[in-house]
Structure formats: C-alpha cells, structure tokens
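Breakdown of the fold
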Amino acid sequence: MSIYSKNEEILKRWEVKSKKNKEIDEFVPDGIMYRGELHNCENGIGCEHLPSKDFKVETETWENAPMRFLYITKELNAYDGPAWEVRGEVGGRKKMDSYEVRGPFHRNIVYQLYGLGHTTPKRKVLWNDKEFTDENALKFYDSCAFARINVKKQAGENSIEDNVLSAYMGKYSALLQEQILNLDADIIVCGGSKGGRNLILDFLKENCYEDLTAVMPDNNWIYYSEKYNKIAINSWHPSYFGISSQDFYDGMITAYFNFLKKNPQFLKSHR
C-alpha cells in the first residue's frame, strides 16, 4: 500500500471514530497536497487543485522526493462557513494565470517552503533575492512533496483554546501518531507555538520522534532527531499577525541555514 493510500485508510478510520464520538461538524480530510489541474479559477472564487488521475502524481512525487515537507496546524479556519478540501489549496492565488500570493496564511507557507527548499549550507535564500518571486515560489509550492495536517479534523474559526486542543489530541492521539509516521516527512513545521509552548511539537517529541532536541543554544526554532534524521520547526501558526511575513521568514530560514552549516549531511537524499 502506498503512503497516499495508507493516509486515506487512516482518515476513514478517523472519521468513523469522530462520528462515534458525536463530533457533529463536517470531517475535514488532509495529507499530501493534490497535484492535478487547476479548477474553478475563472471567477477568482474557489480556485483549487484537483487530484491527478488515480492519485498517480501525488503518490510518485511523495514516494520519490529527496525531501518531504509537512505543515501541521491546529484546525481549519473556515471563517464560520463550510469547510473545503485542504489538499486542493493553491497557495492563495485567485486566478489560473495569477502568481500573486494573497493572505498571510498562504503567503507565509508559500514563502517559507521556497526558502526551506532552496537554502543550502552555503547559501541562505534571502527575502530580497532576485529569483525569490511569487511566481517561482508558487511553482515550487505546486511541485514539491508537500503535505498538510490539521490536528483537529473538524473546522473551527479564528482560534482554539489549548485545553480544547489537548483534549482532542488525547482522544485521537493514536490516529494522529499513525498519520504523521506514515507520511514520514523530513521537515515538519509545527505551527502551534503560543505563549512559549507548542503543543504540536510536544506531541511529536512524545509520540513520534523521541530524540528531537533543540540544536541552537540561542534560539529554539530547529529541533533535530539524529536517530530518524528529521527536523521539526517550532513555528507560530502561519496566520500569526504578531510578526511581519518577512521577519517570520527570516527567523525560520536563518535558523535552518545555521543548522545546515553544522549538519550538511541532512540535505542528502532521504529516500
């Protein structure tokens, strides 16, 4: 069974358990991002990627990628409306021929992915690099091995209290652990830092990669698992408005660059 197919099987069991637990809101599946054609982009509303035929592109891209990227966030913010297909998200663009990234949530993800995917031990991708354009960033977003997970599989609104999230993570911990380990991502961005604590990062350390350790004494952005050769990034939520997108990007990518200078072997193919 492919990683993609196994993720679908995990989600089906998760949805059954959600219904038994009387989670009445719509179940929102997630995982490896769709890589099919763009759809419904003519009027700028509801633009999305469709899955490729038989999920062939998604499966092959993920299985063969030298580096896999995973963003884990708390829940889908549906803005008090209906949920949508997370895996079809197109990085904030509104039209098929547009390379404009809109909205802080998508802007932060698209830009950070580009920086993480192109920074090496000898070169940090700077915010003002000539080739660091919306077009190039979106093209990388569309083609790299990228997955998204929401810890809570029902949509919410602007925020969720830590005690509510902790209760949900406890209730579905085995399934969340299984989903993360099945995806087997190499760079995991934990978008849950709040008040000096990150429940998502804590979950990874306690349930998935027990040797994750902060690698820099002067900051706590990068956690490295030498045993599994994975890194987890201690990050704010992509929608966090307490910092500019540039400062958000610079903090994450500088920490990653410093990590790579000391651990260049991390960039060798993980497959």
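Everything below is about the structure printed above this text.
Presented here is a report on the structure given in the accompanying data block.

The rules behind each value
Residues numbered from 1 in each chain as written. Predicted model: local features only at pLDDT ≥ 70, side-chain atom pairs only at ≥ 80, totals over all residues. Heavy atoms only, no water. Helix = DSSP H or I, 4+ residues; strand = E, 2+ residues; numbered from the N terminus. Polar contact = N/O pair within 3.5 Å; in protein donor to acceptor, adjacent residues only side chain to side chain. Buried < 20%, exposed > 50% of the residue type's maximum accessible area, 1.4 Å probe, protein only. Pairing = 2+ DSSP bridges. Contact = heavy atoms within 4.5 Å. Phe/Tyr/Trp six-rings, centres within 6.5 Å; stacked < 30°, edge-to-face > 60°. Salt bridge = Lys/Arg side-chain N within 4 Å of Asp/Glu carboxyl O. Expected span 1.5 Å × (residues − 1). Axes fitted to C-alpha atoms, helices over the stretch in contact; angles between N-to-C directions. Parallel < 35°, antiparallel > 145°, perpendicular 65-115°, else oblique. Left-handed = near helix turned anticlockwise from the far one by under 90°. Nonpolar A, V, L, I, M, F, W, Y, C, P; charged D, E, K, R; others polar.

1. Considering the environment of E9
Along the polypeptide, E9 turns up in helix α1 (residues 3–20). Put simply, E9 and L70 are 61 residues apart on the chain and 19 Å apart in space, counted from C-alpha to C-alpha. At 2.6 Å, the side chain of E9 forms a polar contact with the side chain of R13.

2. Quick word on helix α7 (residues 199–207)
Along α7, the residues that are buried comprise L199, I200, L201, D202, F203 and L204. At the N-terminal end of α7, a side-chain oxygen is found 3.1 Å from the backbone nitrogen of I200, two or three residues along, and the residue is N198.

3. Quick notes on the pairing of strand β6 (residues 187–191)
Counting buried residues in β6 gives five out of five residues, a clear majority hidden from the surface. Of the two faces of β6, the one carrying I187, V189 and G191 and the one carrying I188 and C190 are both buried. Of the pairings in the sheet, the one linking strand β4 (residues 69–73) to β6 comprises four bridges and is parallel in character. In the strand pairing of β6, F69 is matched with I187.

4. Here's the deal with the side chain of E58
As for its position among the elements, E58 is in helix α2 (residues 56–64). Setting aside its immediate chain neighbours within four residues, E58 contacts Y4, I32, M33, Y34, R35, G36, L50, P51 and S52.

5. A few points about the packing of aromatic side chains
Enumeration according to the criterion identifies 22 aromatic pairs in this entry. Arranged with centres 5.3 Å apart and planes meeting at 80 degrees, the rings of Y111 and W127 form a pair that is edge-to-face. Here the residue Y111 occupies a position in helix α3 (residues 104–118), and W127 occupies one in the loop between α3 and α4 (134–143), the gap between them amounting to 16 residues. Judged by its relative accessible area of 12%, Y111 falls in the buried class. Judged by its relative accessible area of 25%, W127 falls in the partly exposed class.

6. Some words on the pattern of salt bridges
The full count for this structure, using the stated rule, is 21 salt bridges. Among the ionic pairs, D30 bridges to K153, the shortest N-O distance being 2.7 Å. Of this pair, D30 sits in the loop between α1 and β1 (31–32) while K153 sits in the loop between β5 (146–150) and α5 (162–171), and the two are 123 residues apart along the sequence.

7. Overview of α1
For α1, spanning 18 residues, the distance from its first C-alpha to its last is 26 Å, which sits close to the expected 26 Å at 1.5 Å a residue. Buried residues along α1 sit against β1, α2, α5 and α6 (173–183).

8. A few points about unusual backbone geometry
Glycine aside, a negative phi is what most residues show, and trans is what most peptide bonds show. Here K22, not a glycine, exhibits a phi torsion of approximately 60 degrees, which is positive. By the element assignment, K22 lies in the loop between α1 and β1.

9. Examining the sheet that holds strand β11 (residues 230–235)
Across a sheet, strands are paired by hydrogen bonds formed along the backbone, either parallel or antiparallel in direction. One open sheet accounts for seven strands, arranged β1-β5-β4-β6-β11-β10-β9; its pairing is mixed. Single-partner strands in this sheet number two, and they are β1 and β9 (213–214). Across two bridges, the pairing between β1 and β5 is antiparallel. When the sheet's bridge partners are listed, I32 is paired in β5 with A147. Relative to β5, α6 is tilted by about 175 degrees, and along the sheet it contacts β1, β4 and β5. In the packing of helix α8 (residues 245–262) onto the sheet, contacts are made with β6, β10 (222–225) and β11, and the angle to β11 comes to roughly 150 degrees.

10. What about the environment of L176?
When you line up the elements, L176 lands in helix α6. Relative accessible area serves as the criterion here: at 2%, L176 is assigned to the buried category.

11. Considerations on the packing of α5 against α7
Relative orientation of the contacting elements α5 and α7 amounts to 30 degrees, with a least axis distance of 11 Å. Here α5 is positioned roughly parallel relative to α7, judged by the angle of their axes. In terms of crossing hand, the pair formed by α5 and α7 is right-handed. Contacts between α5 and α7 involve D162, L165, S166 and M169 from the first element and L199, I200 and F203 from the second. Here the contact of α5 with α7 is composed, by residue class, of five nonpolar, one polar and one charged.

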